[in-house]
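Here is what each chain is made of, one letter per residue.
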Amino acid sequence: MIDFEEELKKFHPSLEVEDAETYIHNTDVIDVVDLMIQLAEASRIYEE
Amino acid sequence: MRCFNCGAVLSGNDFCTNCGTDIRIYRRIMRLSNMYYNDGLKKAQVRDLSGAVESLRQSLKCNRNNIDARNLLGLVYFEMGEAVAALSEWVISKNIKPERNVADDFIEEIQSNPTRLSGINQSLKKYNQALSYCYQESYDLAIIQLKKVLQMNSNLIVAYQLLGLLYIHAGEFGRARKTLENGRRIDKNNTLLLSYLREAEAALEERDGNALPSSRRGGSHTRASNDSIVYQSGNETIIQPLNTPERGGSSTFLNIIIGLAVGIALMWFLVLPARIRSSAAENSDEMVQVSNELTAKSADIDELNKRINALTQENRDLNDRIETLSGGGSVVEMYDILAKAALNYIEHPDEVIATSNILEGLAGENTEDGELVYSDAFKDLYGYLNSNVSKKAAEEYTQKGMQAYEGDNFNEAITNLQNSFNIDPTNDRVLYYLASSYRNLGDSDKATELFSSLVNNFPDSEFIDSARTYLRNGAENEGDGQNNNNGANDTGNTETPAATTPEQVLRGIDLTNGGQAAADPLFGAGAAQ
C-alpha cells in the first residue's frame, strides 16, 4: 500500500519558460573529467 | 580526442605525446560516457523514456561535453512533456558547441511556433497549480486541473503520475488504472507509473474479491469478472475471456429454430415487400402498355365502326334509291301512268274524265324529290295534260252536275259538282250549286258551311245575295228559296258565319276523289297553268 503523502513529496514543480534561464545557470556541469583534472592538479602540487 | 591536460590531439598511445599525461583513465571515462549514451539511445528507441533519461544523465556525468547525449536528453524531455527542460539542454548543448549542432534545429522548431510553446508553458503552469492544490489538500480541484493539463499537453508524464496517484487516493482505481495505462503508452517503463498501476490493480482485485488460485494461473492471474481473466504478461495486461460450457442439444436445436424464425421474419419483412413492390411495378408497366394498346385498338374499332355505319347508311340510301326507281310508286311507274294518260288523251280526246282519272294516279305521290326524280320533259307533258284535261274535265263535271241538279237528282249533282270544284276551286258558280244541292237534300249544316265559304271567299260573286239570304233566313225559310236559282234578293246587311276558305270547306266534305289538290297536285299552281 502506498503512502500518499510520501508519494506526493516525490513530485516537484515543473520548469516553466521563465525558469529556464535560472535552471541553465544552476546546472551542475562538472563531470568526472573535471574531477580527474582536479585530482591530477592536486597530485602535481603535492609532488612539488 | 584531445588531451584533457594540454588539449593536444591524442594518438594511439596511453599517454599524451605532447605533455606526457597518462590518459588511460580518461579514455575509459570517455568510453563509459559513450556506453551510457548508447544505452539511453536504445531505451529511447523502445519508449523507455525514464530509463533513457537515467542513462543519458550518467553519460553527461562522465562527459558533460557529450553533445549527442545532451541533445538526445533534450529530445526525451520534450517527448515526456518537459519542454522547458528540453530547451535548457539544447541551449547548454549549443553553448558548448555553437557550430554544426543539431540542437539549433530543435530550438528553431520550437521557437518558430510560439503558440505551441505558449500552450506547453500554460500546461506546465497548470500542472504546478494542480500540485499546489495537492499540497493544499484540494484534491478534487487538482484532478480537474490535471485533466485540463492532459488535454493541453498529452505527453506530460508527471501529470499522468500525479493524476493516477490522486485517483488511487480517491479510491477510483479504475480511472487510476486507465490514466496510468495511458501514461505507459508514452513511457513504458516509468517506475512510478508501474508502481501506481500495480497498486491500482491490486486494489481492484481486492475490491472485486474474485482472484483466481495462483497455482492455476501462475500467481499473477486474476478474475476481472465472471466472464474474463486478467493477468500480466511482461508489460502487457491480458484480458482473456473464460470458456463457456457447451450448451446441450436441445438448446442448439432451439437456437436453430430461433435462427430460422428470424430468417423467415427477415424474408417476410424485408425481402418479400421488395419483391412484391418490384412485381407490382412490372405489372403496372405491363398494364400501362396493354392499356395503351387497348386504347389504340379501341380507336381503330371506333373508326371502323364509323366506316361501317357510313357504308351501311350509303347502302341503305342506295337501296332506297333502287326501291324508288324500281318499286311501287317508283319513277318508272310514274312515267308509265303519265304515258297511259297521254295515250288515252291522244286516242280519246273527248274522254277527259278518264284521262283525268289516270292522272290522279300521279297526284298522290310524294313530290318532295320531284326535282331530282322527274325530268323536264315529264313535267312539261304532265303540265300540258293537267291544264287541258283538268279544265275540260271540270267543265264536263260541271255540265253533268248542272244537268243532274236541274233533274232534281241532287246526289249525282253533288258528286259531279264536287269533282268539278275539286279540280277548279275558283268556280263560285259550282260552289253555289253544290251548296244548293245540299240545301235541297236537307243537309242544312253542309249547305250553311258552303254558302258561308261563298260569301267569304267570293264577295264579288253574282250568287252572293242568294247565299246571304239563305244564311240570314237559315233552314226555316229554305223552302222559300229552293227554286230561286238566281237568288237576286239583295237585302243589304247580312251576317255571315266565321270566315272559311274553300279548302277548309272541302276538307269538311267527303270528297270522292281523295281530297286531291285541284290546281296542281304534283308541281303546284304554276304547273297547272
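Predicted model, so just to flag it, every value in this text is computed and none were measured.

Overview of the overall build of chain A
For chain A, the helix and strand inventory stands at 3 helices and 0 strands. Sorting the 48 residues of chain A into buried and exposed places 4% on the buried side.

Brief notes about the overall build of chain B
Counting its secondary structure elements, chain B contains 22 helices and 3 strands. Taking contacts inside chain B between residues at least 6 apart in sequence as the whole, the part at least 24 apart equals 45%.

Regarding the interface of chain A and chain B
Facing the 22 residues of chain A at the interface are 29 residues of chain B. The set of elements that each furnish at least two residues to the side of chain A that touches chain B consists of α1 (4–8), α2 (20–26) and α3 (32–47) of chain A. With 5 residues, the single largest contributor to the side of chain A that touches chain B is α3 of chain A. Residues belonging to the side of chain A that touches chain B are distributed by class as follows: 16 nonpolar, 2 polar and 4 charged.

Some details on the packing of helix α4 (residues 83–96) of chain B against helix α5 (residues 103–111) of chain B
Residue and element names in this part refer to chain B. Remark: α4 packs on α5, axes separated minimally by 9 Å, with the N-to-C direction vectors making an angle of 135°. With respect to each other, α4 and α5 are oriented oblique. α4 and α5 meet at a crossing whose hand is left-handed. Contacts from Leu87, Trp90, Ser93 and Lys94 of α4 reach α5 at Ala103, Asp104, Phe106, Ile107 and Ile110.

So, the packing of α3 of chain A against helix α1 (residues 24–45) of chain B
Here α3 of chain A crosses α1 of chain B at 170°, and the two axes come no closer than 10 Å. On the basis of the axis angle, α3 of chain A is roughly antiparallel to α1 of chain B. Pair α3 of chain A / α1 of chain B crosses with right-handed handedness. Contacts between α3 of chain A and α1 of chain B pair Val32, Val33 and Met36 of chain A from the former with Ile25, Tyr26 and Ile29 of chain B from the latter. Tallied by class, residues from the contact of α3 of chain A with α1 of chain B come to 6 nonpolar, no polar and no charged.

Section: α3 of chain A
A rise of 1.5 Å per residue sets the reference length of α3 of chain A, with its 16 residues, at 22 Å; its end C-alpha atoms lie 22 Å apart and thus fit the reference within 8%. Across the 16 residues that make up α3 of chain A, only a small minority, 0, are buried.

Let's talk about the environment of methionine 35 of chain B
Mapped onto the elements of the fold, methionine 35 of chain B is located in helix α1. Distance from methionine 35 of chain B to serine 59 of chain B, taken between C-alpha atoms, is 7.4 Å for residues 24 residues apart in sequence.

What about the environment of alanine 85 of chain B?
Along the chain, alanine 85 of chain B falls in helix α4. Sequence separation of alanine 85 of chain B and glycine 74 of chain B is 11 residues, and the distance between their C-alpha atoms is 6.9 Å. In this view, alanine 85 of chain B contacts Leu15 of chain A together with Tyr77 of chain B; residues no more than four positions away in its chain are not counted.

Considering the nonpolar core
All names here are of chain B. Within the largest apolar cluster, 59 residues are counted, with the highest numbers of intra-cluster contacts made by Leu56, Val76, Leu146, Ala159, Leu162 and Tyr196. With 10 residues, the top contributor of residues to this core is helix α8 (residues 157–170). The residues that make up this core include at least three from each of domain 1 (24–112) and domain 2 (153–241). If you look at the next biggest cluster of nonpolar residues, it comprises 37 residues, including Tyr382, Phe410, Ile414 and Val455.

Notes on unusual backbone geometry
All names here are of chain B. With phi around 50°, arginine 100 is a residue other than glycine that occupies positive phi space. Looking at the element boundaries, arginine 100 is found in the loop between α4 and α5. A positive phi angle is found at glutamate 137, which is not glycine, with a value near 65°. Its place among the elements puts glutamate 137 in the loop between α6 (114–135) and α7 (139–152). On the basis of neighbour count, glutamate 137 is assigned to the exposed category, with 10 C-beta atoms found within 10 Å.

As for helix α13 (residues 331–347) of chain B
All names here are of chain B. Here α13 contains 17 residues, and its C-alpha end-to-end distance of 24 Å stays within 8% of the 24 Å for a straight helix at 1.5 Å per residue. Inspection of α13 places Leu338, Ala341, Asn344 and Tyr345 among the buried residues, and these make up the whole buried set. The buried residues of α13 occupy one face: seen down the axis, they fall within an arc of 125°. Seen from the open side of α13, the exposed residues pointing more than 90 degrees away from its buried face are Val332, Asp336, Ala339, Leu343, Ile346 and Glu347.

A few points about the environment of serine 55 of chain B
Residue and element names in this part refer to chain B. Mapped onto the elements of the fold, serine 55 is located in helix α2 (residues 49–62). With 11 residues separating them along the chain, serine 55 and alanine 44 place their C-alpha atoms 9.9 Å apart. Those residues in contact with serine 55 that lie beyond four places of it in its chain are Tyr36, Asp39, Gly40 and Lys43.

Some words on the confidence of the model for chain B
Residues and elements named next belong to chain B. Summarising the model, chain B shows a mean pLDDT of 80, and 80% of its residues fall at 70 or more. Low pLDDT (under 50) marks residues 211–219, which in the prediction has 12 contacts with non-local residues, meaning those over four places away or in another chain. With pLDDT under 50 throughout, residues 366–372 is counted as low confidence; its partners more than four residues away or in other chains account for 4 contacts. Overall fold confidence (pTM) sits at 0.45, and the ipTM for the predicted complex is 0.84.

Thresholds applied
Residues numbered from 1 in each chain as written. Chains lettered and ligands numbered in written order. Predicted model: local features only at pLDDT ≥ 70, side-chain atom pairs only at ≥ 80, totals over all residues. Helix = DSSP H or I, 4+ residues; strand = E, 2+ residues; numbered from the N terminus. Buried ≥ 20, exposed ≤ 12 C-beta atoms within 10 Å, placed from the backbone. Contact = placed C-beta atoms within 7 Å. Nonpolar A, V, L, I, M, F, W, Y, C, P; charged D, E, K, R; others polar. Axes fitted to C-alpha atoms, helices over the stretch in contact; angles between N-to-C directions. Parallel < 35°, antiparallel > 145°, perpendicular 65-115°, else oblique. Left-handed = near helix turned anticlockwise from the far one by under 90°. Expected span 1.5 Å × (residues − 1). Core = buried A, V, L, I, M, F, W, Y, C linked by C-beta atoms within 7 Å. Domains from an automatic or database assignment. Arc of directions from axis to C-beta. pLDDT = per-residue confidence, 0-100.

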